[in-house]
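Listed below, chain by chain, are the residues.
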Amino acid sequence: MPSLRFLTVFFVLLVLSGCGGRAVLGLNDGKQGESASVVQIYVSTMRARSNDLSLPYSAERAKQLNFAKFEIGIPRTHVAGEVESTSRTPSPERNFIARTFQPYDDKTQFVAALDADLMRRPEAEREIFIFVHGYNNNFADSIFRNTQIVHDYKVKAVALHYAWPSAGSLPLYVYDRDSAAYSRDGLADTIEIAARTKAKRIVLVGHSMGSYVVMEALRSLSLSGRGKYINRINGLVLAAPDIDIDVFQSQLRDIDDLPDPFMILVSKRDKALNLSGGLTGGHPRVGSGADVAALQAENITVLDTSNLDGGSHGVFASSPTLMALTTSGGLMNDVTDRGEGAPAETILADGGQVIKGAASLVIYLPAKLLGVPNGGLLTQ
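Residues numbered from 1 in each chain as written. Predicted model: local features only at pLDDT ≥ 70, side-chain atom pairs only at ≥ 80, totals over all residues. Heavy atoms only, no water.

Novice: Help me get a handle on the overall build of the chain, residues and values and all.
Specialist: Looking only at helices and strands, the chain features 14 helices and 13 strands. Counting all 380 residues of the chain, 55% fall into the buried class. Taking the contacts inside the chain whose residues are at least 6 apart along the sequence as the reference set, 76% of them involve residues at least 24 apart. For the chain, the accessible surface area stands at approximately 15900 Å², while carbon and sulfur atoms represent 51% of it. (Helix = DSSP H or I, 4+ residues; strand = E, 2+ residues; numbered from the N terminus. Buried < 20%, exposed > 50% of the residue type's maximum accessible area, 1.4 Å probe, protein only. Contact = heavy atoms within 4.5 Å. Areas by Shrake-Rupley, 256 points an atom, 1.4 Å probe, with all protein chains shown as cover.)

Listed below in structure tokens is the structure:
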């Protein structure tokens, strides 16, 4: 039966490959033509430097953090929720493409650059948005996804991308899990760097296996007596977290003060996480939504996206409904302003227009918000 087991594992990995592709940045190409818009992304990474400008950071693990700034072009043909990348020579008219690349020598230079950018912004936009990518991403895959989220969600903040050394290769799930563990201290240091800037607010978002890196980084900060940097985080979001439920509970116990608000997106239709659970022994992942009540008891808001725009592993980045709710302010206002006992209703935006698809989103409020042991349920 070894051949059958191999085929089964290969099929699992094939489905999980939805987290990434084989994109190239395009820094070493002619770049004839103009992008429709350009997004600036700062990078802190535990990937090793490479001499290949198509991927200046490799899948190898660095001994210390590397820092840089990129300007990423978005094509005129861009469709919201998509990342139009290519493994060949990218075209600015049709593909995401890196327009500039500026490495920084050390942490001091990097903090100075972040502060300069923050201070050029209106006070209301002096925020740092940290994004941590998932499994099977090369460097181009992950920075392009970060760019797409910032652009499509109209994020008005300094974008800081934490790139951990995923192999960006279909069969190397175990290598990626080891790299995720290896990279926790790098993210902890990145959070400390962001906390030391002049940012008024910090929002931290992790996707899939990147959520494991996030939780391990917070755990590292707490156990090392650096909890004050966690307190600088004004919002934490884990999208489709690829974390064993028991491991997650253990991580929570080690973190003294969790960021607030803390939101997790789950989906029972997430095939990648269902198969990931099978690959790792059959135990469910946090992002599969198998134990929502336990999350509520930890004062975590849970968004069940099972019936929202397909409920896939990447729905957090591709959902037009979530984009509409977030850019209108409807989602967060609904979660924070309803109060105990408020009736369920469809979220409204722009003075009364119903957002299409909002009725498919289910929000489980944290226990503390409702003042009841097991939280409450809102059906959108």
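Next, the rest of the story.
Novice: Hey, could you go over helix H4 (residues 173–182) for me, with residue numbers and the actual values?
Specialist: Among all positions of H4, only Tyr-173, Asp-176, Ser-179 and Ala-180 are buried. One side of H4 holds all its buried residues, which, seen down the axis, span an arc of 120°. (Arc of directions from axis to C-beta.)

Novice: Explain unusual backbone geometry residue by residue, including any values.
Specialist: Looking along the chain, the bond that leaves Asp-260 and enters Pro-261 is cis, with omega of 5°. Within the secondary structure, Pro-261 sits in the loop between helix H8 (245–254) and strand S8 (262–266). Here Ser-208, not a glycine, exhibits a phi torsion of approximately 55°, which is positive. Here Ser-208 shows up in the loop between strand S6 (201–207) and helix H6 (209–223). In the Ramachandran plot, Ala-240 falls in the positive-phi region, its phi being about 50° despite a non-glycine side chain. Structurally, Ala-240 can be placed in the loop between strand S7 (235–239) and H8. On the basis of relative accessibility, which here comes to 8%, the residue Ala-240 falls in the buried class.

Novice: Kindly report on helix H3 (residues 139–152), identifying the contributing residues and their values.
Specialist: The periodicity of an α-helix, 3.6 residues per turn, causes residues three or four positions apart to be oriented the same way. If you check H3, its first and last C-alpha atoms are 20 Å apart, about what 14 residues at 1.5 Å a residue would give, namely 20 Å. When you tally the buried positions in H3, you get 12 out of 14 residues, the bulk of the element. Along H3, the residues classified as buried are Phe-139, Ala-140, Asp-141, Ser-142, Ile-143, Phe-144, Asn-146, Thr-147, Gln-148, Ile-149, Val-150 and Asp-152. Structurally, the start of H3 carries an N-cap: the backbone nitrogen of Ala-140 is 3.0 Å from a side-chain oxygen of Asn-138. (Expected span 1.5 Å × (residues − 1). Polar contact = N/O pair within 3.5 Å; in protein donor to acceptor, adjacent residues only side chain to side chain.)

Novice: Residue-level account of empty space enclosed by the protein, with values.
Specialist: Rolled over the atoms, a probe as big as a water molecule pinpoints where empty space is left. Under the definition given, this model contains 2 cavities of 30 Å³ or more. Volume-wise, the largest cavity comes out at about 60 Å³. Every residue lining the largest cavity is listed: His-207, Ala-239, Ala-240, Leu-265, Val-266, Ser-267, Asp-270, Thr-305, Ser-312, His-313, Val-315 and Phe-316. Looking at the lining of the largest cavity, the elements with two or more residues in it are S8 and helix H11 (315–318). (1 Å grid on protein atoms, 1.4 Å probe; cavity = no way out; pocket = protein on both sides within 12 Å on 5 of 7 lines; lining within 4 Å. Points joined across faces, edges and corners; volume = space filled by probe spheres on them.)

Novice: An account of the environment of Ala-194 is requested, with residue identities and associated values reported.
Specialist: Inspection of the secondary structure puts Ala-194 in helix H5 (residues 184–195). The exposure class assigned to Ala-194 is buried, which follows from its relative accessible area of 0%. Put simply, Ala-194 and Ile-128 are 66 residues apart on the chain and 7.1 Å apart in space, counted from C-alpha to C-alpha. Aside from chain neighbours lying at most four places away, what touches Ala-194 is Ile-128, Ile-130, Leu-160, Ile-202 and Arg-232.

Note that all results are geometric; they support no functional claim without further evidence.
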